[in-house]
Amino acid sequence: LPITGVRLLSSTVRSIDSILIPRRLIESGLSSSDAVSTFGILSGMVLPLLFLPFAFTSALSMVMIPNLSEDIIHNKWTSVRNKVSKAILITSLTAFPISAFLFSLAHPLGMALYQQEEIGRLLMPLSCIAGIHGLQHTLGGILNGLGKQNRAAIHFLVGGTFQIFCTWILVAQPHLGIYGYIIGFIANTIFVTTLHFRTVIYTIKLPVQWTEWFIKPVFASLVTGSVLRLSYLFLSDRGYGTAFALFFASMIGIAVLLLALYATGSLSQLIEFIYSKNSRANRRYDT
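Cut-offs applied
Residues numbered from 1 in each chain as written. Predicted model: local features only at pLDDT ≥ 70, side-chain atom pairs only at ≥ 80, totals over all residues. Heavy atoms only, no water. 1 Å grid on protein atoms, 1.4 Å probe; cavity = no way out; pocket = protein on both sides within 12 Å on 5 of 7 lines; lining within 4 Å. Points joined across faces, edges and corners; volume = space filled by probe spheres on them. Helix = DSSP H or I, 4+ residues; strand = E, 2+ residues; numbered from the N terminus. Nonpolar A, V, L, I, M, F, W, Y, C, P; charged D, E, K, R; others polar. Buried < 20%, exposed > 50% of the residue type's maximum accessible area, 1.4 Å probe, protein only. Disulfide = S-S within 2.5 Å.

**Concerning the layout of surface pockets**
- There is about 870 Å³ of room inside the largest pocket.
- As for the largest pocket, its lining consists of 36 residues, and the residues nearest its centre are Ser10, Arg14, Phe54, His133 and Phe156.
- Where the lining of the largest pocket is concerned, the elements lending two or more residues are helix H1 (2–27), helix H2 (32–50), helix H3 (54–73), helix H7 (130–145), helix H8 (149–170) and helix H9 (179–204).
- If one sorts the elements of the lining of the largest pocket by residue count, H1 sits on top with eleven residues.
- Looking at the lining of the largest pocket residue by residue, the classes come out as 17 nonpolar, 16 polar and three charged.

Below, the structure is given as structure tokens:
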């Protein structure tokens, strides 16, 4: 019931936002057509790009819930802590680089995909929170696996209510407009992720590995994002088309990301994680 309630709450918040945002944009001084157009760009073009990390975190959450529940029933707390630590690490190693990619190439992505400059202006501030948003999704799945569905539901309820409040108050401000929603979304993401993180750490008594979980992935992402941006600018300044410059800048960025992860020692942990998963899958198949 709590897990279903969270899903219903998420759908409800999105529905309320879809009703409130255009109306509050009109209150801020936009015409009806401009308000609907701005909301369409946000919901139909920007947010789908922002939710790219969910392709991974959704699958990870589905795997984590039964695994953690089984270990808890058998009192395998060392295994629980190990799996939670790896889940947080793997999420950081995927979500933060995607966040850097979206931030550094927000404007050319908007032009290449939709021919809309407004997409870049909206995607840049939202992309800063994409990594934390991915962690929120993974941590929510971990809480469900730990039997803390009620706590996760309460966190989502408080965060969703705050986001609706920000939409109502801030979007109607002429100097903010649609950025009022972005402020609420960022605040909601940070708030819910922090509560999820504190609850997980307290529940299983897990030591926080700040360097491995956050500092190294964020450092690698910052280096990658900088190289991505410089590579794209270098190629575009020499007359290459947007699609060509995006593609080759992305290839260079992937290479730099792998080198940065290797330099920080995170790449070996990622390979070890993938190898251990494949080995367990093969053993089950052989059995």
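What follows picks up the thread again.
**Considering unusual backbone geometry**
- Here Asn75, not a glycine, exhibits a phi torsion of approximately 55°, which is positive.
- With respect to the secondary-structure elements, Asn75 resides in the loop between H3 and helix H4 (77–104).
- The residue Lys205 is not glycine, and still its phi comes out positive at about 55°.
- Structurally, Lys205 is set in the loop between H9 and helix H10 (210–237).
- When its relative accessible area of 57% is taken as the criterion, Lys205 is described as exposed.

**What to know about the state of the cysteines**
- In this structure the tally under the stated criterion is zero disulfides.
- Counting only cysteine sulfurs, Cys166 is the nearest neighbor of Cys128, a cysteine outside any disulfide, at a range of 17 Å.
- Looking at Cys128, the relative accessible area reads 49%, which means it is partly exposed.

Fair warning: the whole summary comes from geometry, so function is off the table for now.
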